[in-house]
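Here are the chains, one letter per residue:
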Amino acid sequence: MTEFSEIQKRVASYNSEADIDFLRRVYDYALSLRAKGGALPDACCISHPVAVAAILAQMKLDTVSVAAGLLHDAVAETPATVEEMSSLFGPDLASLVESVGRISSLSFKLDRDRQAEVVRKMILSMATDLRVIFIRLADRLHQMRTLCSCTEERQTALARETLDIYAPIASRLGIYWIKKELEDRSLAVLHPSEFADIERRLQNIRDERDAFIAKVKADIGERLAKSGIPADVKGRYKHIHSIFTKMNRQALPFEEIYDIIAFRVIVDTAPRCYEVLGLVHGLWKPVENKFKDYISRPKSNMYQSLHTTVIGPGGRRMEVQIRTHDMDAVAESGVAAHWSYKEGRRPDSKTLAAIAWIQNIVDQQQSVTDAAEFLENVRVELFPDEIYVFTPEGNVLALPKGATPVDFAFAVHTQVGQSCTGAKVNGRMVPLKTRLATGDSVEILTAKNQHPKKDWLAFVKTSKAKSRIRAWVKAEEREISLTLGRELCDKLLKRHKLSVNSLARSDKWEEVLAQFGVKTTEDLLAEVGYGRVTPLQILNRFLPKEEEAERKAEALPAEAPEKIPRKTGSGITVRGADGILLRFARCCNPVPGDAITGYITRGHGITVHRATCPNAGRNDFERIIEVAWEGEPETSYPVRLKVISRDRVGLLADISATITRCKANILSANTLSDEARGIAEGTFTVTVSGKKELETVLREIRRVPGVESVQRMGG
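Model, not experiment: these values are computed from the prediction. (Residues numbered from 1 in each chain as written. Predicted model: local features only at pLDDT ≥ 70, side-chain atom pairs only at ≥ 80, totals over all residues. Heavy atoms only, no water.)

Caption draft 1: Fine view of the environment of Lys238. As for its placement among the helices and strands, Lys238 is situated in the loop between strand 1 (232-237) and helix 14 (240-249). Placed 21 residues apart in sequence, Lys238 and Asp259 show a C-alpha to C-alpha distance of 8.0 Å. Every residue in contact with Lys238, bar those within four places of it in the chain, is listed here: Ile243, Lys246, Asp259 and Ile260. (Helix = DSSP H or I, 4+ residues; strand = E, 2+ residues; numbered from the N terminus. Contact = heavy atoms within 4.5 Å.)

Caption draft 2: Structural context of the sheet that holds strand 8 (residues 420-425). With antiparallel pairing, three strands are arranged side by side in an open sheet as 9-8-10. The sheet is open, and its two edges are formed by strand 9 (428-430) and strand 10 (442-446), each paired on a single side. The mean angle between the axes of side-by-side strands here comes to 35 degrees, regardless of whether they run parallel or antiparallel. Packing against the sheet, helix 20 (residues 405-412) makes contact with strand 8, strand 9 and strand 10, and its axis sits at approximately 80 degrees to strand 10. (Pairing = 2+ DSSP bridges. Axes fitted to C-alpha atoms, helices over the stretch in contact; angles between N-to-C directions.)

Caption draft 3: Seen up close, the nonpolar core. Counting residues in hydrophobic clusters, the biggest one holds 64 residues, and the most contacted among them are Val11, Leu56, Met59, Val66, Leu71, Leu93 and Phe134. Ranked by residues supplied to this core, first place goes to helix 2 (residues 20-36) with nine residues. Sequence-distant contacts of Leu71, defined by excluding residues within four places in its chain, comprise Val26, Tyr29, Ala30, Leu33, Met85, Leu93 and Val97. Core analysis: the second largest hydrophobic core is formed by 37 residues, Ile260, Phe263, Cys273 and Met318 among them. (Core = buried A, V, L, I, M, F, W, Y, C linked by side-chain atoms within 4.5 Å. Buried < 20%, exposed > 50% of the residue type's maximum accessible area, 1.4 Å probe, protein only.)

Caption draft 4: Region of the structure containing the side chain of Thr162. For Thr162, the location among the structural elements is in helix 10 (residues 152-172). Excluding anything up to four places from it in sequence, Thr162 contacts Arg140, Met144, Ala167, Pro168, Leu182 and Ser186.

Caption draft 5: Structural context of the packing of aromatic side chains. Under the criterion given, the structure shown has seven aromatic pairs. An angle of 85 degrees between the planes, with centres 6.1 Å apart, marks the rings of Phe22 and Phe89 as edge-to-face. Here Phe89 lies in helix 6 (residues 82-89) and Phe22 lies in helix 2, a separation of 67 residues in the sequence. Here Phe22 and Phe89 have matching classes, each one buried. Plain terms: the ring middles of Phe584 and Tyr637 are 5.5 Å apart, the flat faces sit at 80 degrees to each other, and that makes the pair edge-to-face. Remark: Tyr637 occurs in strand 17 (residues 637-646) and Phe584 occurs in strand 12 (residues 582-584); sequence separation between them is 53 residues. Exposure remark for Tyr637: the relative accessible area of 0% places this residue in the buried category. Connected via pairs of aromatic rings, a cluster forms that spans Phe22, Tyr29 and Phe89. If you follow Arg206 out to its NZ or CZ, it ends over the ring of Tyr237, 4.5 Å from the centre. We note Arg316 situated over the ring of Phe212; from NZ or CZ to the ring centre the distance is 4.9 Å. (Phe/Tyr/Trp six-rings, centres within 6.5 Å; stacked < 30°, edge-to-face > 60°. Lys NZ or Arg CZ within 6 Å of the ring centre and 35° of its normal.)

Caption draft 6: Structural context of unusual backbone geometry. For Asn426, which is not glycine, the phi torsion reads 55 degrees and is therefore positive. Relative to the helices and strands, Asn426 is located in the loop between strand 8 and strand 9.

Caption draft 7: The arrangement of the sheet that holds strand 17 in detail. Taken in spatial order, the four strands line up as 18-19-17-20 in an open sheet, and their pairing is antiparallel. The open sheet has two free edges, formed respectively by strand 18 (665-674) and strand 20 (707-712), since each of these has just one partner strand. The mean inter-strand angle of the sheet, taken between neighbouring strand axes irrespective of direction, is 15 degrees. Helix 28 (residues 651-661) rests against strand 17, strand 18, strand 19 (679-688) and strand 20 of the sheet, and its axis sits at about 20 degrees to strand 19.

Caption draft 8: Broad picture of a positive patch on the surface. A cluster of basic residues, Lys290, Lys292, Arg317, Lys401, Arg435 and Lys461, forms a positive patch on the protein surface. Within the fold, Lys292 resides in strand 3 (residues 285-293). (Patch = residues over 30% accessible without salt bridge, like charges linked within 9 Å, V, L, I, M, F, W, Y side chains within 5 Å. Areas by Shrake-Rupley, 256 points an atom, 1.4 Å probe, with all protein chains shown as cover. Salt bridge = Lys/Arg side-chain N within 4 Å of Asp/Glu carboxyl O. Lys, Arg positive; Asp, Glu negative; His and termini not counted. Charge placed at Lys NZ, Arg CZ, Asp CG, Glu CD.)

Caption draft 9: Layout of helix 6. Restricting attention to buried positions, one finds in helix 6 the residues Val82, Met85 and Phe89. Taken around the axis of helix 6, the buried residues stretch over an arc of 60 degrees, which confines them to a single face. Along helix 6, the residues that are exposed and aim more than 90 degrees away from the buried face are Glu83 and Ser87. Where helix 6 ends, the next residue or the one after it, Gly90, has phi of about 100 degrees, a positive value. (Arc of directions from axis to C-beta.)

Caption draft 10: The packing of helix 1 (residues 4-14) against helix 3 (residues 47-58), seen in detail. Two elements in contact, helix 1 and helix 3, have axes whose closest approach is 9 Å; the angle formed by their N-to-C orientations is 15 degrees. On the basis of the axis angle, helix 1 is roughly parallel to helix 3. Both helix 1 and helix 3 take part in a crossing whose hand is left-handed. The residues of helix 3 that touch helix 1, namely those facing Phe4, Ile7, Arg10, Val11 and Tyr14, are Val50, Ala53, Ala54, Ile55, Leu56, Ala57 and Gln58. Partitioning the contact of helix 1 with helix 3 into residue classes produces ten nonpolar, one polar and one charged. (Parallel < 35°, antiparallel > 145°, perpendicular 65-115°, else oblique. Left-handed = near helix turned anticlockwise from the far one by under 90°. Nonpolar A, V, L, I, M, F, W, Y, C, P; charged D, E, K, R; others polar.)

Caption draft 11: Up close: the confidence of the model for the protein chain. With 79% of its residues at a pLDDT of at least 70, the protein chain reaches an overall mean of 80. Looking across the protein chain, the model is least confident in helix 27 (residues 547-555), with a mean pLDDT of 46, and most confident in helix 15 (residues 270-283), with 94. Ignoring residues within four places in sequence, the model shows residues 39-43, a span with pLDDT below 50, making nine contacts including any to other chains. Taken as a whole, residues 546-569 scores under 50 in pLDDT and shows 39 contacts with residues more than four places along the chain or in a different chain. (pLDDT = per-residue confidence, 0-100.)

Caption draft 12: Region of interest: the pattern of salt bridges. A complete count under the given rule lists 25 salt bridges for this structure. Notably, a salt bridge pairs Arg131 with Asp92, separated by 2.9 Å at the nearest N-O pair. Of the two residues, Arg131 sits in helix 9 (residues 131-145) while Asp92 sits in helix 7 (residues 91-102), which places them 39 residues apart along the sequence. Assessed through its relative accessible area of 6%, Arg131 is described here as buried. Where Arg201 meets Asp197, a salt bridge forms, and the shortest distance between an N and an O atom there is 3.0 Å. Taken as a pair, Arg201 and Asp197 lie in helix 12 (residues 192-204) at a separation of four residues, close to a single helical turn. The exposure class assigned to Asp197 is partly exposed, which follows from its relative accessible area of 25%. One continuous salt-bridge network, built from bridges that share partners, spans Asp62, Asp92 and Arg131.

Caption draft 13: Geometry of helix 29 (residues 691-702). Given a rise of 1.5 Å per residue, twelve residues ought to cover 16 Å, and the 17 Å separating the end C-alpha atoms of helix 29 matches this to within 8%. Taken together, the buried positions of helix 29 are occupied by Leu694, Val697, Leu698, Glu700 and Ile701. The buried side chains of helix 29 occupy one side of the element, clustering within an arc of 170 degrees when seen end-on. Residues of helix 29 that are buried sit in contact with strand 17, helix 28, strand 19 and strand 20. (Expected span 1.5 Å × (residues − 1).)

Caption draft 14: Structural context of the pairing of strand 4 (residues 306-311). Among the six residues of strand 4, five are classified as buried, and the element is accordingly described as predominantly covered. Relative to strand 4, strand 3 runs antiparallel, the two being bridged by five bridges. In the strand pairing of strand 4, Pro286 is matched with Val310. Here strand 4 folds back onto strand 5 (residues 317-324) in antiparallel fashion, the turn holding five residues, of which Gly314 has a positive phi close to 75 degrees.

If you want it as structure tokens, here you go:
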């Protein structure tokens, strides 16, 4: 069991100016709180908070952080209050304890919305004070070390959330020693037999591997000594979770995992790292494409090192990492290594850059209302398999693997992403969905009138790009819906000598808004444009006695359409809008498979035309909108056909039978005969499920004896 003396010893080892008396007073206060809560005034009753404080001291954090570890659960489990802590120990400690207490433990039994809210609280707290997450990580680490006191169900839940949330956060912050322990302890709970098997196999080969480590260390040490380079050489085993993951990802047995052992060479300066690299490659043959330079291109969490894989003694592959002492400290403690333990100091510029991803999530969550989208943004930020690309000025940007020029554009600046029209990679024009690779130089082309496209969402990778594109799409969707809603309402209300403005001035308007669950007039009009509310429903709130009459009036279309049976669901998506009122143009009768375009029609929503239709509003570009077929056909679509043939007895019957045999339904048929020429001209309206079925009908009609031509009418 950890005691206060251990905390004192650890803090004094890295901060000779630490206020140990302050820590002692906080410890005595924490002990007295347990006594007030009915527990005996014994160190045993605060073993968990003391252990958490000791872990924070191991991370070399400031005195207030260590003290907060002693009190992190006091508000929830004792009579203590934040106000009391503030008066006794100052507002900084009280605020830190309060922030930690606000974050509830994640439970994957909860629904997605609740889970998203808990993660959101954690991210917001991290953005306010990163020490909050250090304390949460220390708390979770000690929980995982003492799982034996929990039920089996609780152990599984803690292990799962640790692997899903806490270990990735530790990794993202570069605190690898905590990440590795959290992963191994979680694996032991979730896959106990596999964990035990790998642990046993490692133990069986330990003597042999220890001898191998000793030989490699001696060989490297001898070569460095001859070159006059002082260095520390270490050999270590990969942690069990890493081995387990590699075995599963690459479907390899344990015997074929050749890089179980890694070596680390620690020197004084960065130039010497490269000198050592040359010496190591002189000792053993390097493996092609297995060299990574994280010194010239540090990871986003400030990690720096040279990594190379070589064929070592006995033909065994082994990884060698080469770094300076400062780099090694960061490699173990990550952001925490740069977090000043001196009270009153703030993080330096490198630390702020390393935690910029946290602020990125905070900025995005303000415009994200969907829980799934928010959690996806968090996952993207927590698992950044990164590439490094260059701006035209030579600056380096880190992006997730698979990122595109659009991701790059939004990473440079939101405005650059929103006005992006094209991209050059290494001086050559490329499609915007091109995947970037490390070392690429990227230049973005922009235009003032360019806007984000909805189809960009299909290939962008970064959460920033996704959230900004979605925000634009939603704004555009609302604008379209608002315009349509106002036009639809004005059309109906004019028949009663009313207007939206006149209704909005009535005393009853606020009540009507509340009945529809909206706050403003624009919100209600947008709902009409979406098709979720009809103008008649609004009017009925003011003219209830005329409800039936107005329903009939509104049901009459401006243009009497053909009475064609259609199932519900258009199978159409509109760029930048969902739920918009749609209708199909009778002039060209589009069917699935046709190239189509949308035209915003006053008072009638969006009319879908074939792209070749002359009535598609080509001269009114502001009213043209992108539409597309989506999913499987949900209905039958009418098409008019013109058939010219040599007149003969039974011709109409043969054509009708052919259409029916193709499983198309005939809605109408009209024929005219020119006896002088012996020619018959027929017009047929048939329903088909799509272009493929239409092509079958056309092909089969052409095969009817006497038919000279058949063509689709309109567009």
